[in-house]
Structure formats: C-alpha cells, structure tokens
Amino acid sequence: MVEYHVLSHHDLPSALRWQMLSAMRIQWPGVFSGDNRLSTHVCDEELHPTYVLAEQEGVLISFATVTWRELEHAGQMLSVYGLGDVFTFPPFRGEGYARHVVARATDHIRATDGDLGCLFCEPWLEALYVRSGWEAISPGITLIGTAADRRPFEKLRMMVFLSKRGENARAALSTVPLFVGDPW
Ligand SMILES: CC(C)(COP(=O)(O)OP(=O)(O)OC[C@H]1O[C@@H](n2cnc3c(N)ncnc32)[C@H](O)[C@@H]1OP(=O)(O)O)[C@@H](O)C(=O)NCCC(=O)NCCS
C-alpha cells in the first residue's frame, strides 16, 4: 500500500533522501553545478524544509518540498511558503500521485501561520495545482537573481492566500513584480 509522509528535515530517512537526490540530479541538473556539483543536500536547512512523500515498501514514488522564507513586496514583509521539487518517478506517472502529494503539501501550507503559498510551474501544469486551490497570478511578473541584478523569471507563478495580510496583498502581487532571489 502506498503511504504518504510529511517529514521535517531531520526526520527524512537517508534511504528516501538519496532517492530524492537522484531524481533531482536527473530532473534539475542545473542545481548541481559549480560548488553544488557533488551536493548531497536535498534542501538548505535554513529554508525550514518539509518533505511530502509517497512511498511503498521503501520505494519512493512521488515527492514535493515545502520551504519557508520572508519576502519584501510593495513595502511590506510577507511570510511565504514555497512548494517545489514536485516529482513523480516515471513508472508511476499518470496515476494521481503528484495530485495527492500536492494536496497534502497544500494542506500543510494552509495549516501554517504564513501569509502566502507560492509555486512556479510551466503553464501546462496549472490544472495540477488548481485542483488543490492554487491560483495562477496574472500578469504576476516574478524577478529572480540578486538585488543588484534582477531578471524576469518566465514560469507561471501560482499562489494560495493564507492570512488577511496575504489576502490584502493579492492585487499588488499581480501588478507589482515580486522579487524572490533564488526561485524554488
Ligand atoms: C508533473 C509530474 C509531477 C506529474 O506527476 P504525476 O504523478 O504523473 O501526476 P498526476 O498523475 O497526479 O496528475 C495530476 C494532474 O497533473 C496534470 N498533469 C500531469 N502530467 C501531465 C502532463 N504530462 N501534461 C499535462 N498535465 C499533466 C493533470 O492535470 C493531472 O490531472 P488529471 O488527473 O485530471 O489528468 C511528473 O510528470 C513529473 O515528475 N515531471 C517531471 C518534474 C516536473 O516537471 N515537475 C513539475 C514541477 S512544477
């Protein structure tokens, strides 16, 4: 039977961490370049990661990572939970595992005291996230890079609005570019 787990950084078993890492090296090779070429970290601990996993008999089927950061936008600080690293191993695709993982990750985000959830995806994956209540932000320009060298990020930005402060920022989040530094 497939089991779902929501785990903190320290509770992630090594065997599952290595499977995550192998998938990430294949799917997102750019992350493992330069100083990170031999990285064995699935996520920086300072981002307070939570891992949502579907697993059967120790075999990792699908996963996603939730991270936290504070972002300054339109003159105020917002507590933002990011959903990223959504991945299903190819033999298990099209069977609804990512949908379930995203639903559990979204439940986790909704249970926090954050202001917003935020993810980036290709436009053709919008429906996957809409099912869990995420909204595509339009025009929703996102800027990445360093504070001194910001450039547009071409992916679709999707968000969930958690707090009153997040809800109040809704209009500005579509019209005023959001600078996120390193995207997730
Ligand atoms: C995208 C990915 C996570 C989907 O995983 P999955 O377990 O096969 O997805 P599910 O079976 O749960 O599908 C859920 C929904 O996702 C969408 N979806 C999944 N694969 C899709 C595809 N190839 N094209 C279009 N939509 C797709 C559909 O809306 C689907 O809804 P449906 O059940 O009504 O058809 C998987 O293909 C993958 O790991 N891809 C590589 C990594 C990646 O691109 N991650 C996304 C980062 S934003």
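Residues numbered from 1 in each chain as written. Predicted model: local features only at pLDDT ≥ 70, side-chain atom pairs only at ≥ 80, totals over all residues.

Visitor: Teacher, can you tell me more about the overall build of the chain here?
Guide: Across its full length, the chain carries five helices and ten strands. A compact globule built from 184 residues would reach a C-alpha radius of gyration of about 16 Å, and the chain, at 16 Å, matches this within 12%. Seen along its three principal axes, the alpha-carbon backbone of the chain occupies a region of about 50 × 35 × 30 Å. Expressed as a percentage of its 184 residues, the buried residues of the chain come to 28%. Long-range pairs, those at least 24 residues apart, make up 67% of the contacts in the chain between residues at least 6 apart in sequence. (Helix = DSSP H or I, 4+ residues; strand = E, 2+ residues; numbered from the N terminus. Rg over C-alpha atoms; globule rule 2.2 N^0.38 Å. Buried ≥ 20, exposed ≤ 12 C-beta atoms within 10 Å, placed from the backbone. Contact = placed C-beta atoms within 7 Å.)

Visitor: Looking at this structure, I do not really get helix α2 (residues 97-110). What am I missing?
Guide: For an α-helix, 3.6 residues make a turn, and residues three or four places apart therefore share a direction. Between its first and last C-alpha, α2 extends 20 Å over 14 residues, near the 20 Å set by a 1.5 Å rise per residue. Taken residue by residue, α2 has Ala98, Val101, Val102, Ala105, Thr106 and Ile109 as its buried positions. An end-on view of α2 places all buried positions within 135° of arc, on one side of the element. On its buried face, α2 is in contact with β2 (50-56), β3 (59-73), β4 (76-88), β5 (116-121), α3 (126-130) and β9 (156-161). (Expected span 1.5 Å × (residues − 1). Arc of directions from axis to C-beta.)

Visitor: Sorry if this is basic, but what is going on with the sheet that holds strand β6 (residues 135-136) here?
Guide: Strand-to-strand pairing in sheets goes through backbone hydrogen bonds, with the strands running parallel or antiparallel. As summarised here, the arrangement of the seven strands in space is β1-β2-β3-β4-β5-β9-β6, forming an open sheet in which the pairing is mixed. Every other strand in the sheet has two partners, leaving β1 (3-8) and β6 as the edge strands with one partner each. Sheet analysis places β4 next to β5, joined by three bridges and oriented parallel. Within β5, the position partnered with tyrosine 81 by the bridge is glycine 117. Contacts from helix α1 (residues 14-27) reach β2, β3 and β4 within the one sheet, and its direction differs from that of β3 by about 75°. Docked against the sheet, α2 engages β1, β2, β3, β4, β5 and β9, running at close to 35° with respect to β3. (Pairing = 2+ DSSP bridges. Axes fitted to C-alpha atoms, helices over the stretch in contact; angles between N-to-C directions.)

Visitor: In this structure, what is going on with the nonpolar core? I would like to understand it.
Guide: If you look at soluble globular proteins, the nonpolar side chains tend to sit buried side by side. With 33 residues, the main nonpolar core has Val52, Phe63, Ala64, Val101 and Ala105 as its most contacted residues. It is β4 that contributes the most residues to this core, six residues altogether. Setting aside chain neighbours within four positions, we find phenylalanine 63 in contact with Met20, Tyr51, Val52, Leu53, Asp85, Phe87 and Val101. (Core = buried A, V, L, I, M, F, W, Y, C linked by C-beta atoms within 7 Å.)

Visitor: Would you explain the site of the ligand in this entry?
Guide: By nearness alone, 17 residues border the ligand, and Thr88, Arg93, Ala98, Arg99 and Leu128 come closest of all. Of all the elements in the fold, those that place two or more residues in the shell around the ligand are β4, α2 and α3. Tallied by class, the residues present in the shell around the ligand amount to nine nonpolar, five polar and three charged. (Near = placed C-beta within 6 Å. Nonpolar A, V, L, I, M, F, W, Y, C, P; charged D, E, K, R; others polar.)

Visitor: What exactly am I supposed to notice about the sheet that holds strand β7 (residues 142-146) here?
Guide: Spatially, three strands are ordered β8-β7-β10 in an open sheet, and the strand pairing comes out mixed. Looking along the sheet, the strands with just one partner apiece sit at the ends: β8 (149-153) and β10 (178-181). The sheet shows a mean angle of 35° between the axes of neighbouring strands, direction not considered. Bridge count for β7 against β10 is three bridges, and the pairing is parallel. Residue pairing in the sheet places threonine 142 in a bridge with leucine 178 of β10.

Visitor: Which parts of the structure should I look at to understand the pairing of β7?
Guide: The pairing of β7 with β8 spans five bridges and is antiparallel. Pairing of threonine 146 across the sheet is with aspartate 149, part of β8. The antiparallel hairpin formed by β7 and β8 contains two residues in its connecting segment.

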